[in-house]
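Coordinates in review
If you want the building blocks of each chain, they are given just below.
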Amino acid sequence: MRSEKPVPKMASEASETISDVVFRQVRQDIISGALAPGTRIKLEQAREHYSISVSSLREILSRLAMENLVLAEGQRGFEVSPASIKELEELADLRTVLETHAIGLSFAAGNLEWEGRIVAAHHKLAAAERKLLAGDASRTVDWVRYDWEFHQAIVSACNSATLMATLSSVFDRFLRYHMLAQSFRGQAVVDDHKLLFELALKRDVEGARAVIVRHVQSGVAHVLKSGRIG
């Protein structure tokens, strides 16, 4: 069973439609903050921007509403879901439950290939974090991708596609708040990732779970400290 987050495919591949491509684009614009919380999505303008029909755009926005990234307002249309402290805390709790559960399953089933994925993912993440600590903010996009790849690699042996898909969605919604905070968490998050890496290779389930709990809660504190979430 394939448990890894799907790798984006070229639009020319027969298995992917234009709608799939635009779905990813709109979703990424919401998560990155390019479409800010509370923004009303005007269908005609969005149709031109994303080069897709209004009917297809409605379907895409309805799919995003199922992830609570968009609010459907009947005849009034759609808007980007607002950001709130309550949702941030709920996402943090849900991520903690899902990720700590997946860690137990993954550590029990992980093999040498699983360890290799963790080593490779941490190597890329650590390289991006060194650049960020040195003040190179241009590496933020790389860090966002490598952060997920590292956490995903750790739980990738859980053998549950449903668990992985749900965790991926919650992780991205939680990430949206970090993008809104517009600042890197610094050395503390680097240290968490290094410790999590070491604990994973030791198969220390309880140690890794404790790091995840602290890691997620410190993320919440960082976002709230930014003052950008009302």
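For the structure given in this document, a descriptive report is provided here.

Rules and cut-offs
Residues numbered from 1 in each chain as written. Predicted model: local features only at pLDDT ≥ 70, side-chain atom pairs only at ≥ 80, totals over all residues. Heavy atoms only, no water. Helix = DSSP H or I, 4+ residues; strand = E, 2+ residues; numbered from the N terminus. Expected span 1.5 Å × (residues − 1). Contact = heavy atoms within 4.5 Å. Polar contact = N/O pair within 3.5 Å; in protein donor to acceptor, adjacent residues only side chain to side chain. Axes fitted to C-alpha atoms, helices over the stretch in contact; angles between N-to-C directions. Parallel < 35°, antiparallel > 145°, perpendicular 65-115°, else oblique. Nonpolar A, V, L, I, M, F, W, Y, C, P; charged D, E, K, R; others polar. Core = buried A, V, L, I, M, F, W, Y, C linked by side-chain atoms within 4.5 Å. Buried < 20%, exposed > 50% of the residue type's maximum accessible area, 1.4 Å probe, protein only. Phe/Tyr/Trp six-rings, centres within 6.5 Å; stacked < 30°, edge-to-face > 60°. Lys NZ or Arg CZ within 6 Å of the ring centre and 35° of its normal. Arc of directions from axis to C-beta.

Topic: helix α9 (residues 205-226)
With 22 residues, α9 extends 32 Å from end C-alpha to end C-alpha; this agrees with the ideal 32 Å at 1.5 Å per step. Its buried side turned inward, α9 meets α4 (85-109), α6 (140-155), α7 (161-181) and α8 (187-201). Two or three places before glycine 207, at the opening of α9, aspartate 204 has a side-chain oxygen 2.8 Å from that residue's backbone nitrogen. A positive phi of about 75° marks glycine 227, the residue just after α9.

Considerations on the packing of helix α2 (residues 43-50) against helix α3 (residues 54-66)
Each pair of packed helices can be summarised by the angle the axes make with each other and by the distance between the axes. Relative orientation of the contacting elements α2 and α3 amounts to 100°, with a least axis distance of 10 Å. In terms of axis orientation, α2 runs roughly perpendicular to α3. The residues of α3 that touch α2, namely those facing Leu43, Glu44, Ala46 and Arg47, are Val54, Leu57, Arg58 and Leu61. The residue inventory of the contact of α2 with α3, partitioned by class, reads 5 nonpolar, no polar and 3 charged.

Description of the nonpolar core
Ranked by internal contacts, the top residues of the largest apolar core, which has 47 residues, are Ile118, Phe150 and Ile154. Taken together, the elements giving at least two residues each to this core come down to α4, α5 (112-133), α6, α7, α8 and α9. The biggest single contributor to this core is α7, with 10 residues. Residue contacts for isoleucine 118: discarding those within four places in its chain leaves Phe150, Ala153, Ile154, Phe197, Ala200 and Leu201.

Re the packing of aromatic side chains
Enumeration according to the criterion identifies 3 aromatic pairs in this entry. Judged by centre distance (4.9 Å) and plane angle (65°), the rings of tryptophan 148 and phenylalanine 171 are edge-to-face. Taken together, the positions of tryptophan 148 in helix α6 and phenylalanine 171 in helix α7 put the pair 23 residues apart, joining distant regions of the chain. Exposure class is identical for tryptophan 148 and phenylalanine 171. Each is buried. Here the basic side chain of arginine 63 rests over the ring of phenylalanine 23, its NZ or CZ set 3.8 Å away from the ring centre.

Digging into α3
Here α3 is 13 residues long and its end C-alpha atoms lie 19 Å apart, about the 18 Å a rise of 1.5 Å per residue gives. Restricting attention to buried positions, one finds in α3 the residues Leu57, Ile60, Leu61 and Leu64. The arc that holds the buried residues of α3, viewed along the axis, is 95°, so those residues lie on one side. What points out from α3, more than 90 degrees from its buried face, is the exposed set Glu59 and Met66. Residues of α3 that are buried sit in contact with α1 (18-32), β1 (40-41), α2, β2 (70-72) and β3 (78-80).

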